[in-house]
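The chain contents come next:
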Amino acid sequence: MAQKQTTKILIVDDDSNICELLRIYLEKEAWDTVIAYDGAKALDLFEKEKPDLILLDVMMPQLDGWQVCRRIRKISDCPIIMLTAKGEVFDRVLGLELGADDYVIKPFETKEVVARIKAILRRTGVKEPETVKEVHYDKLSINMENYELRVNGKQVDTPPKEMELIFHLASNPNRAYTRDQLLDEVWGFDYSGESRTVDVHVKRLREKLEGVSDEWELKTVWGVGYKFEVKEKKQDV
């Protein structure tokens, strides 16, 4: 069976914090990401990874964004969104004249970047991946289409954030998450609350899920955080 193709985005910026912020939000959209911290590495990854779209910073070491854009345009029409701290009309026009499809001025709202990516992918005919909205385990069903949690076939009233938390963990079975990772990926990168929020939500979920099945467990990973553990079934000898 052929694997479903995933949209791949190349992030190019010499600021690692910006790269990580973009990576988190783009992967929430089920897009694959690759990161380059300078222009030379960007060209190398472009050849190797064949991305569907490039987020390209302007001011970088070795090769700046203008040079990278110019070189890519000689061999490809891959969509390019320029990321720049410069807001002057000249810089915006230069980017567009070199072949960039759009530009975003720093500091930017990450949601705006995501919206611009989606608009360009629609225009260029790149299909966005279908996002999985439902997961099933023994005696457990989590449906994010209608925010419905079912235990033993019965619907259990569950607040939206608890639904998002259990869905995120159950969609990535056996992967341990720190509290900060869960705050970033479920509550959002800009969430300013305490990590204890995660503990409270896990406690409430456990009250609903404890002892339901011996095939899975919402488990504490001491010194790390939490994971949705799926246990290996014992085979009859």
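Above this text sits the structure in question.
Reading guide: rules and limits
- Residues numbered from 1 in each chain as written.
- Predicted model: local features only at pLDDT ≥ 70, side-chain atom pairs only at ≥ 80, totals over all residues.
- Heavy atoms only, no water.
- Helix = DSSP H or I, 4+ residues; strand = E, 2+ residues; numbered from the N terminus.
- Pairing = 2+ DSSP bridges.
- Axes fitted to C-alpha atoms, helices over the stretch in contact; angles between N-to-C directions.
- Contact = heavy atoms within 4.5 Å.
- Buried < 20%, exposed > 50% of the residue type's maximum accessible area, 1.4 Å probe, protein only.
- Core = buried A, V, L, I, M, F, W, Y, C linked by side-chain atoms within 4.5 Å.
- Phe/Tyr/Trp six-rings, centres within 6.5 Å; stacked < 30°, edge-to-face > 60°.

A.B. asks: Explanation requested: unusual backbone geometry in the structure shown.
C.D. replies: Excluding glycine, residues mostly carry a negative phi; peptide bonds, for their part, are mostly trans. With an omega dihedral of -5°, the bond running from Lys106 to Pro107 counts as a cis peptide bond. With respect to the helices, strands and loops of the structure, Pro107 is situated in the loop between strand E5 (102-105) and helix H5 (110-124). Residues other than glycine seldom take positive phi values, yet Tyr147 does so here, at roughly 50°. Within the secondary structure layout, Tyr147 lies in the loop between strand E7 (140-143) and strand E8 (148-151). For Asn152, which is not glycine, the phi dihedral falls at a positive 55°.

A.B. asks: What am I meant to see in the sheet that holds strand E2 (residues 32-36) here?
C.D. replies: One open sheet accounts for five strands, arranged E2-E1-E3-E4-E5; its pairing is parallel. Looking at which strands have only one partner, the edges of the open sheet turn out to be E2 and E5. Here the average twist between neighbouring strands, direction ignored, is 20°. Bridge count for strand E4 (residues 80-84) against E5 is four bridges, and the pairing is parallel. Its bridge partner being in E5, Leu83 is matched across the sheet by Val104. The sheet contacts of helix H3 (residues 65-75) involve strand E3 (53-57) and E4, and relative to E4 the element is tilted by about 170°.

A.B. asks: Where do I start with the side chain of Thr84 in this structure?
C.D. replies: Structurally, Thr84 can be placed in strand E4. Residue Thr84 is classed as buried on the basis of its relative accessible area, which comes to 4%. Apart from the residues within four sequence positions on either side, Thr84 is in contact with Val58, Val104, Ile105 and Lys106.

A.B. asks: How should I be thinking about the nonpolar core in this particular structure?
C.D. replies: One recurring pattern in soluble globular proteins: nonpolar side chains tend to sit buried together. Formed by 26 residues in total, the largest nonpolar core has its most connected members in Leu140, Ile142, Leu165 and Leu182. Elements supplying a minimum of two residues to this core: E7, E8, helix H6 (160-170), helix H7 (179-187), helix H8 (196-209), strand E11 (216-221) and strand E12 (225-230). Take this core: its biggest share by element is six residues, from H6. Look past the residues within four positions of Leu140 in its chain and what remains in contact with it is Val135, Leu149, Arg150, Val151, Leu209, Trp216 and Phe228. The next biggest cluster of nonpolar side chains, apart from the first, holds 22 residues, and it includes Ala36, Ala42, Leu56 and Met82.

A.B. asks: Got a minute to help me understand the packing of aromatic side chains in this structure?
C.D. replies: Scanning all chains against the criterion turns up two aromatic pairs. Ring centres of Tyr137 and Phe228 lie 4.8 Å apart, and the angle between their planes is 45°; this geometry places the pair in the tilted category. Of this pair, Tyr137 sits in strand E6 (residues 134-137) while Phe228 sits in strand E12, and the two are 91 residues apart along the sequence. Classification of Tyr137 by relative accessible area gives partly exposed; the value is 23%. Considering the side-chain rings of Trp216 and Phe228, the 5.4 Å spacing of their centres and the 20° angle between planes classify their relative orientation as stacked. Highlighted residues: Trp216 in strand E11 and Phe228 in strand E12, separated in sequence by 12 residues.

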